Amino acid sequence: MTAEEIEQLVRPNIQSLSPYRSARDDYQKGLLLDANENSYGAPFRNQLNLHRYPTPVHQELVQTIAGWRQVEPEQVFTGVGSDEPIDLLIRTFCNPGSGSILITPPTYGMYKVSARINDVNVLETPLDASFQPDTRAILEKAKQSTPSILFLCSPNNPTGNDLDRTSILKLVELFPGLVVVDEAYIDFSRQESMAPMVRQYPNLVVLQTFSKSFGLAGIRLGIAIAPVQIIEWLLKIKPPYNLNKLTAEAGLEAFEHLDLIRFNIEEIRKERKRLADELGSLGSVEKVWPSHANFILFKIRDAEQVWKTLVRKGIIIRNRGNEPGCENCLRATIGLPDENDRLIQALKEVAP
Ligand code: PMP
């Protein structure tokens, strides 16, 4: 796709929008009596001047993320989790009522929910039996129905596998719209992030998050990495102060602890292997899918019953049996070693 073609996908009402200019867009220093903040201060002491609004874009955080992912700061958007850019992309590129996205179930649920909230149609081309995208079927559907965005998730939630890189690249090259590759779990995989490829492909968007490998789900910090043209649209329509100061500070602080983050990723990988082996040795478990994420999908006899019994025992995993291709499948997050032991022990009792 060319940059001109991308521009044509932007909703007409967004094209003609005059974005809200917040007080902090214009001035950040001086006698600040422009934003109706509380001049008497926050009710407790803090280093961050919490009585002042945050800056609309947290430059230092954006630059740090850009350096870490080997892209330019102008190619980085920071949001309230990666759920925020999912919504903003749909709101920029899909017309309510008539527009559509294409998803490849089984996949992460928010693409569909966000689309539906925005009254945008959801087209589906299921992953094949090995949970890989069916490129031919996707391109065929795109020809018939012209969805504006294709959402791919790699490693995929809930199946855990990496999507085949050659298939993704083929789709980026041939899909007549944006291709969003959600890399929420990429750091648990051995695959490299596709983020640097946004330099080559005007229609590629890569989503990442601090909620998984960084262990910071509570701060709600997500990232979209995309060509500057797309980032500029997201910046135009985002709420003025989407990221708060505490989140931005915690996000920056994470980069002082990359060694621990890497260490924990390795521990999770080791436990993933152990849990997969243990699950595989249970007679009731019919299949364990190879995972490149921090969770495992497995097929078990009477999954619904097993799941309910685990819940009664206070062990909460996810029943994914309603997703296409996931009949009788449960999804378990990799826990600490003793948590994984408890899960295995409970499964041995419930479904030996
Ligand atoms: N993408 C995928 C594939 C996910 O599994 C999740 C969370 N479960 C998200 C995005 C959203 O992550 P967050 O909003 O916490 O960044």
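Participant: Please explain the overall build of the protein chain as it appears in this structure.
Facilitator: If you tally the helices and strands in the protein chain, you get 13 helices and 11 strands. For 352 residues, the compact-globule estimate of 2.2 N^0.38 gives 20 Å, and the protein chain sits close to it at 22 Å. Along the longest, intermediate and shortest principal axes, the C-alpha atoms of the protein chain span 70 × 55 × 35 Å. Evaluated residue by residue, the protein chain yields a buried proportion of 50% over its 352 residues. Residue pairs in contact within the protein chain that sit at least 24 positions apart in sequence constitute 69% of those at least 6 positions apart.

Participant: So what exactly am I meant to see when it comes to the site of the ligand here?
Facilitator: Residues in contact with the ligand amount to 13 residues; listed here are only the nearest, S82, D182, Y185, T209 and S211. Contacts to the ligand include N157, whose side-chain N or O atom sits 2.9 Å from an oxygen atom. For the ligand, whose accessible area on its own is 390 Å², the fraction buried by protein is 91%. Grouping the amino acids of the shell around the ligand by side-chain chemistry returns four nonpolar, five polar and four charged.

Participant: Which parts of the structure should I look at to understand the sheet that holds strand β10 (residues 318-319)?
Facilitator: Adjacent strands of a sheet form backbone hydrogen bonds with each other and so pair up, either parallel or antiparallel. Overall, antiparallel pairing links the four strands, which are arranged β8-β9-β11-β10 in an open sheet. Each edge of the sheet is formed by a strand with only one pairing partner; in this case those strands are β8 (285-288) and β10. Of the strands in this sheet, β8 and β9 (295-300) are in contact with helix α11 (residues 258-280), which crosses β9 at around 5°.

Participant: Hey, could you run me through the pattern of salt bridges in this one?
Facilitator: If the charged atoms of two oppositely charged side chains come close together, the side chains can form a pair. Inspection of every chain in the model, using the stated rule, returns 15 salt bridges. Note that E304 is salt-bridged to K308, the shortest N-O span being 3.5 Å. On the criterion of helical spacing, the pair formed by E304 and K308 is a turn pair, its members being four residues apart in helix α12 (residues 303-312). Given a relative accessible area of 37%, K308 falls into the partly exposed group. Among the charged side chains, a network of salt bridges with common partners joins E271, R274, E278 and D341.

Participant: So what exactly am I meant to see when it comes to the environment of L169 here?
Facilitator: By the secondary structure assignment, L169 is in helix α8 (residues 165-174). The class of L169 is partly exposed, set by a relative accessible area of 21%. Linking L169 and M194, residues 25 residues apart in sequence, is a C-alpha distance of 9.6 Å. Residues in contact with L169, not counting those within four places in the same chain, are M194, M197 and Y201.

Participant: Help me understand the pairing of β9 in this model?
Facilitator: Successive residues of a regular strand alternate their side chains across the two faces of the sheet. With five of six residues buried, β9 is to be regarded as a mostly interior element. Here β8 runs beside β9; their pairing, made up of three bridges, is antiparallel. Bridged to K287 within β9 is K299. The loop that links β8 with its antiparallel partner β9 comprises six residues. By the bridge criterion, five bridges tie β9 to strand β11 (residues 329-333) in an arrangement that is antiparallel.

Participant: I tried to follow the side chain of S189 on my own but got confused; where do I start?
Facilitator: Position of S189 relative to the elements: it lies in the loop between β5 (178-182) and β6 (204-209). Beyond its immediate stretch of four places on either side in the chain, S189 contacts P155, D162, R269 and H292.

Participant: Please clarify how helix α6 (residues 110-117) should be interpreted in this entry.
Facilitator: Considered for burial, the residues of α6 that qualify are Y111, S114 and A115. With its buried residues spanning 100° around the axis, α6 presents them on a single face. Residues R116 and I117 are exposed on α6 and point more than 90 degrees away from its buried face. Lining the buried residues of α6 we find α5 (83-93), β2 (100-103), β3 (121-124), β4 (149-153) and β5. One or two residues past the end of α6 sits D119, with phi positive at roughly 55°.

Participant: What is the right way to read the pairing of β4 from this model?
Facilitator: Extensive coverage of β4 is indicated by the burial of five of its five residues. Taking every second residue as pointing to the same face, both faces of β4 are buried, with I149, F151 and C153 on one and L150 and L152 on the other. Here β2 runs beside β4; their pairing, made up of three bridges, is parallel. If you follow L102 over to β4, its bridge partner there is L150. Here β4 pairs with β5 via five bridges, running parallel. Bridging from a neighbouring strand, L152 pairs with V181 of β5. With α8 bridging β4 and the parallel β5, this β-α-β connection has right-handed handedness.

Criteria and cut-off values
- Residues numbered from 1 in each chain as written.
- Predicted model: local features only at pLDDT ≥ 70, side-chain atom pairs only at ≥ 80, totals over all residues.
- Heavy atoms only, no water.
- Helix = DSSP H or I, 4+ residues; strand = E, 2+ residues; numbered from the N terminus.
- Rg over C-alpha atoms; globule rule 2.2 N^0.38 Å.
- Buried < 20%, exposed > 50% of the residue type's maximum accessible area, 1.4 Å probe, protein only.
- Contact = heavy atoms within 4.5 Å.
- Near = heavy atom within 4 Å.
- Polar contact = N/O pair within 3.5 Å; in protein donor to acceptor, adjacent residues only side chain to side chain.
- Areas by Shrake-Rupley, 256 points an atom, 1.4 Å probe, with all protein chains shown as cover.
- Nonpolar A, V, L, I, M, F, W, Y, C, P; charged D, E, K, R; others polar.
- Pairing = 2+ DSSP bridges.
- Axes fitted to C-alpha atoms, helices over the stretch in contact; angles between N-to-C directions.
- Salt bridge = Lys/Arg side-chain N within 4 Å of Asp/Glu carboxyl O.
- Arc of directions from axis to C-beta.
- Right-handed = clockwise from strand over helix to strand, strands pointing away.

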